[in-house]
Amino acid sequence: MTHRDKVISGEDWYGKVLDRGDFSGTLFVDCDFTEVQSSGVSFSKCVFRNVKFNVSSHSEGAFDGCRFESCSFFDATFAGCRLTGSTFTNSSLVPLKVTGGNWSYVSLVRADLSSADFTGVSLTEADFTGANLTKASLRDCQLSSVEWAGARLRDTDLRGSELGELSMENVQFRGAVIDVAQAMTIAEALGAVIR
């Protein structure tokens, strides 16, 4: 199933099952993807504008270089998906569950990710500037070279994640759950000398 470089507007895909399709380069406007199940589908370089992804599930798909504008992801799940370089703006991402996959270079600037669950995800060079990650879980993730400026990491679970070189400037970190190795990384980022 190939639907590349199209405009799809106002469609109701409630509960639709998508398998191995290609929608690369498509503009989706005012669509309802509630409870959609996609597997192995390519949405690379798509624009999603005011699309509802509520209670949808996506596995082994590609969303590289996509733009999500004013979209809703209530209780959406992504498993083993690739979203490298995608951008989320004015979108509702609570609660969101992500397992595995590659979300490197993703822009989640000022996103509300409170209580979001990321497990085993590559988030290298992701941009969390001003994001709310209160009570979120980022377990066993690759977080090297992430932009954290102004992020809220209160009560965030970071155990097992590779933090790389951290810049802790303007980051709210109180109550974050970390392991011993991470404690040393964070202490060094705060300027402590460990001997």
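Bear in mind that the values here come from a model prediction, so they are computed numbers and not experimental data.

Quick question: what am I supposed to make of the overall build of the protein here?
A tally of regular secondary structure across the protein gives 1 helix and 12 strands. For the protein, the α and β elements follow one another from N to C terminus as β-β-β-β-β-β-β-β-β-β-β-β-α. The C-alpha atoms of the protein give a radius of gyration of 17 Å, which matches the 16 Å a tight globule of 195 residues would have. By principal-axis analysis of the C-alpha atoms, the protein measures approximately 60 × 25 × 25 Å. Per-residue burial over the protein gives 46% buried out of 195 residues. Sequence separation of 24 or more characterises 1% of the internal contacts of the protein that already satisfy a separation of 6 or more. Carbon and sulfur atoms provide 45% of the accessible area of the protein, an area that totals close to 9100 Å². Looking at charge distribution, the protein has the averaged site of its 18 positive side-chain charges lying 2 Å from that of its 25 negative ones.

What is the right way to look at the nonpolar core in this model?
Generally speaking, nonpolar side chains in soluble globular proteins are found buried as a group. In terms of nonpolar packing, the biggest core is built from 52 residues, with Phe-28, Phe-48, Leu-96, Trp-103 and Phe-118 touching the most fellow members. Looking at this core, the elements that each hand over two or more residues are strand S8 (76–79) and strand S10 (96–99). Apart from the residues lying within four places of it in its own chain, the contact partners of Leu-96 are Phe-73, Ala-76, Phe-78, Trp-103, Leu-113, Ala-116, Asp-117 and Phe-118.

Could you clarify how one ought to interpret the pairing of S10 in this entry?
Every regular strand shows the same layout, with side chains that alternate between the two sheet faces. Alternating positions in S10 separate cleanly, Leu-96 and Val-98 being buried on one face and Lys-97 and Thr-99 remaining unburied on the opposite face. Here S8 pairs with S10 via 4 bridges, running parallel. Bridged to Ala-79 within S10 is Thr-99. The pairing of S10 with strand S11 (residues 117–119) spans 3 bridges and is classified as parallel. Bridge pairing in S11 links Thr-99 to Thr-119.

Would you mind going over the packing of aromatic side chains with me for this structure?
Both the distance between ring centres and the angle between the ring planes are used here to describe each pair of aromatic rings. Counted under the stated rule, the structure contains 27 aromatic pairs. Measuring from ring centre to ring centre gives 6.3 Å for Phe-63 and Phe-68, while their planes differ by 40°; the resulting arrangement is tilted. Note on Phe-63: relative accessible area 1%, which makes it buried. Sitting over the face of the ring of Trp-13, Lys-16 holds its NZ or CZ atom 4.4 Å from the ring centroid.

Definitions and cut-offs
- Residues numbered from 1 in each chain as written.
- Predicted model: local features only at pLDDT ≥ 70, side-chain atom pairs only at ≥ 80, totals over all residues.
- Heavy atoms only, no water.
- Helix = DSSP H or I, 4+ residues; strand = E, 2+ residues; numbered from the N terminus.
- Rg over C-alpha atoms; globule rule 2.2 N^0.38 Å.
- Buried < 20%, exposed > 50% of the residue type's maximum accessible area, 1.4 Å probe, protein only.
- Contact = heavy atoms within 4.5 Å.
- Areas by Shrake-Rupley, 256 points an atom, 1.4 Å probe, with all protein chains shown as cover.
- Lys, Arg positive; Asp, Glu negative; His and termini not counted.
- Charge placed at Lys NZ, Arg CZ, Asp CG, Glu CD.
- Core = buried A, V, L, I, M, F, W, Y, C linked by side-chain atoms within 4.5 Å.
- Pairing = 2+ DSSP bridges.
- Phe/Tyr/Trp six-rings, centres within 6.5 Å; stacked < 30°, edge-to-face > 60°.
- Lys NZ or Arg CZ within 6 Å of the ring centre and 35° of its normal.

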